[in-house]
Structure formats: structure tokens, C-alpha cells
Amino acid sequence: MSDGVLAEVLRGDRVESRHGGRAVVVDAAGRVVWSMGDVAAAVYPRSTVKALLALPLVETGTASRLNLSDDELALACASHNGEAAHAETAARMLSRVGRDVGCLECGTHWPTLDSAARELAAEGKVASPLHNNCSGKHAGMICVACDLGIDPTGYISPDHPVQQAATAVLAEMTGAAHEDAMRGIDGCSMPTYAIPLTALARGFARFGGGVGLHPDRAAAASRLRAAVAAAPFMVAGSGRFDTVLMRHFGERLFCKMGAEGVMVAALPQLGLGFALKADDGGNRAVEVALAALLRRFGGDVLQEADHAVLDGLAHQTLRNWNGLTVGAIRAVVSDR
């Protein structure tokens, strides 16, 4: 099955580029409501599944015993910009179990937000693993390990008890086997497992609506959704799509971008899960496409103000360095 077109890039009134890809919407029972392209083919979910990986943080009671705040729980689900508040929150999480930045095994990169990187450099400082966009996810796993009396060293290994527990949660939530043969290594050095796009959407239909989940897991998912809604800045940061969308919708929507053009979302009130993948890895394509699909399938959940936000995200103006309007990127996916 060939993939379709998620989005088109216009220069003036002419189409200059097209982003191909696939997308799927599933209901609370895991049934496909709508799809485009080969959604049975496996993709690496990358960072889209961070909220699922954070479920043990709540389910084990660690979050409660450590009195983790909304900011800290949201950061555990994040791919953040590395802004000062992000790094400080990651450090605070580690301090709750008597650890520091030296315990993180995610590697170091400069803040992905240019202004945050320049500010750090202007202060004569250098980046640390706290600025890694995945530091919250890693800090969450370290918290679980230490709280349960497990040595966190090597927590990024597929064989580490905390990593094995998290992988089991992924398999249970998505319904897809997470086998060694499908395992790759993510940018932050944790495992990432290729699964069908439909399974990924199913996982977030369950995460959003709680249908078919044990009450403890449904409660954990609800707690994480509430934290993300209360602290959307922590999930991404200044100017980021995830933060903008969840700041507007609150608990009515969960969404998460992953590397290489993967995106997921959930509409808890409708029990719907969404998963998209751009063939060329372009994040901008799945952003506009998701906005269009939310507009199409949001039904009575959407209000007039919601449509205005989604319309703006599904058709984004492109400007050059002089601020001149040169074109746009628009969703095509919802027209199919």
C-alpha cells in the first residue's frame, strides 16, 4: 500500500514540496476509524511514547512517595527545549532520591532552543545532560530505581529491571510485541522498538480514555495527563507545537512529537488515538496534519475557539528572514 500526502508546502500560490506519510485514527476498542497509507508497517515511535514510559513512575507509587509535582511529572513525559526551567526541574527530580547530574546516562547536547543555548553560553556555562531534551524521562527512571531500592546504573540497558518494566508497559499499552529483533537505540541511548503505526495509536487511545486498562493504570494515565495539562511548558517549551496545543486544550487533549516525524495524540472524551509518520522525517508535516485530523474528528469536543487554533496550526504561514510572507505549509491528509 502506498502512502499518501500529509502536507504541501507552498511558495506563493504554487506547491513547491510535498510531505508523504501515513496516519491512523483508532477508537477506544482499538478499531481503525480512519487511515491513510500503510499503517500496519512498523515505525520507531521514538519520543512519542515517553508518557507511556512514565506510567511506572506513578503506578509503583514512586511519584506519590517522592511528592513529585506536576512540573516534574510533565518533564518525565517531555522532549524539552533545554531552557533553564527544564534543566532545573530535572535536577530537582534527581535530588529527591539523593542523585545529581552525574547519574544521567542520556548524553549531553546544547539546548535545542537557540535563545536558551545563547543565554547559557553568555553566562559562561556549558551544557550538561540536564539540558538533553530527554533528561526528564531519564530522571523519572532513576527515581523509580532508587525508590524501589534498585541500583540505577545502566538503566538505559534493555536488561536493566527498570527498563524491562517500562518495555513491558509499552507492549501492554500498544498490544504489540516488543521483541529484540525490532529494537533500535534512540538518540538518548535508551531502546526504541519498531511497532505498527496502528498499535501506536491504540496505545494512546488507551492512555487517553483508560478503556481496557487496570484501574491502577488508568489512574496513573489520568495523573500524567493532568500533570501535562497543568504544566504544558515542561513537555516541550517556548514556541513548541505540543506546548501551544496542550496549553489551549488542557485535559481535553494529549499530544506528543517524536523524532523523525512521528506524532501521537489522544482525545480522552472521545476515546480516540492518533498516530502519524512523515516519510521524510519532517516534523512540520505531522504538526499540520495532526491539527487537521483533530479538527476533522474532534466532533462536539471542539468549541469555536478550538477550531480557530486548529485552523491556524493546519495552515501555517511561512516567512523569510525579512519577515515577508513567502508561502505556507498546509495539511492535505484530512481531505482524503
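Refer to the structure printed above.
In this text the structure is predicted, and so the values were computed from the model without any measurement.

About the criteria used
- Residues numbered from 1 in each chain as written.
- Predicted model: local features only at pLDDT ≥ 70, side-chain atom pairs only at ≥ 80, totals over all residues.
- Heavy atoms only, no water.
- Salt bridge = Lys/Arg side-chain N within 4 Å of Asp/Glu carboxyl O.
- Buried < 20%, exposed > 50% of the residue type's maximum accessible area, 1.4 Å probe, protein only.
- Helix = DSSP H or I, 4+ residues; strand = E, 2+ residues; numbered from the N terminus.
- Polar contact = N/O pair within 3.5 Å; in protein donor to acceptor, adjacent residues only side chain to side chain.
- Contact = heavy atoms within 4.5 Å.
- Axes fitted to C-alpha atoms, helices over the stretch in contact; angles between N-to-C directions.
- Parallel < 35°, antiparallel > 145°, perpendicular 65-115°, else oblique.
- Nonpolar A, V, L, I, M, F, W, Y, C, P; charged D, E, K, R; others polar.
- 1 Å grid on protein atoms, 1.4 Å probe; cavity = no way out; pocket = protein on both sides within 12 Å on 5 of 7 lines; lining within 4 Å.
- Points joined across faces, edges and corners; volume = space filled by probe spheres on them.

**Things to note about the pattern of salt bridges**
A complete count under the given rule lists 15 salt bridges for this structure. One salt bridge in this structure joins R11 and E16, with 2.9 Å as the shortest N-O distance. The class for E16 is partly exposed, based on a relative accessible area of 46%. Beyond isolated ion pairs, a larger network of salt bridges with shared partners links E8, R18 and R330.

**Topic: unusual backbone geometry**
Unlike most non-glycine residues, N67 shows phi in positive territory, near 55°. As for its position among the elements, N67 is in the loop between α3 (62–65) and α4 (70–76). When its relative accessible area of 58% is taken as the criterion, N67 is described as exposed. If you check the backbone angles, E260 has positive phi at about 60° while not being a glycine. Within the secondary structure, E260 is located in the loop between β8 (254–258) and β9 (262–267). The class for E260 is partly exposed, based on a relative accessible area of 47%.

**Describing the side chain of R252**
Tracing the backbone through its elements, the reader meets R252 in the loop between α12 (241–249) and β8. A residue is classified by how much of its surface remains accessible, and R252, at 18% relative accessible area, is buried. Side-chain polar atoms of R252 contact the side chain of D306, separated by 2.7 Å. Sequence-distant contacts of R252, that is, excluding residues within four places in its chain, are made with A266, L267, P268, Q269, V301, Q303 and D306.

**Observations regarding the packing of helix α8 (residues 161–174) against helix α9 (residues 197–209)**
In the contact formed by α8 and α9, the axes pass within 7 Å of each other and the chain directions differ by 90°. Classified by the angle their axes make, α8 and α9 are roughly perpendicular. Contacts from E172, M173 and T174 in α8 reach A199, R202, G203, R206 and F207 in α9. In the contact of α8 with α9, the residues fall into 3 nonpolar, 2 polar and 3 charged.

**Some words on empty space enclosed by the protein**
Enumeration over the complete set of coordinates arrives at 1 cavity of 30 Å³ or more. Considered as a void within the structure, the largest cavity measures approximately 130 Å³ in volume. Taken together, 16 residues line the largest cavity, and the ones lying closest to its centre are V49, L53, L170, P191 and T192. At the level of secondary structure, the elements contributing two or more residues to the lining of the largest cavity comprise α8 and β6 (191–193). Considering each element in turn, the lining of the largest cavity owes the most residues, 4 residues, to α8. Tallied by class, the residues present in the lining of the largest cavity amount to 8 nonpolar, 5 polar and 3 charged.

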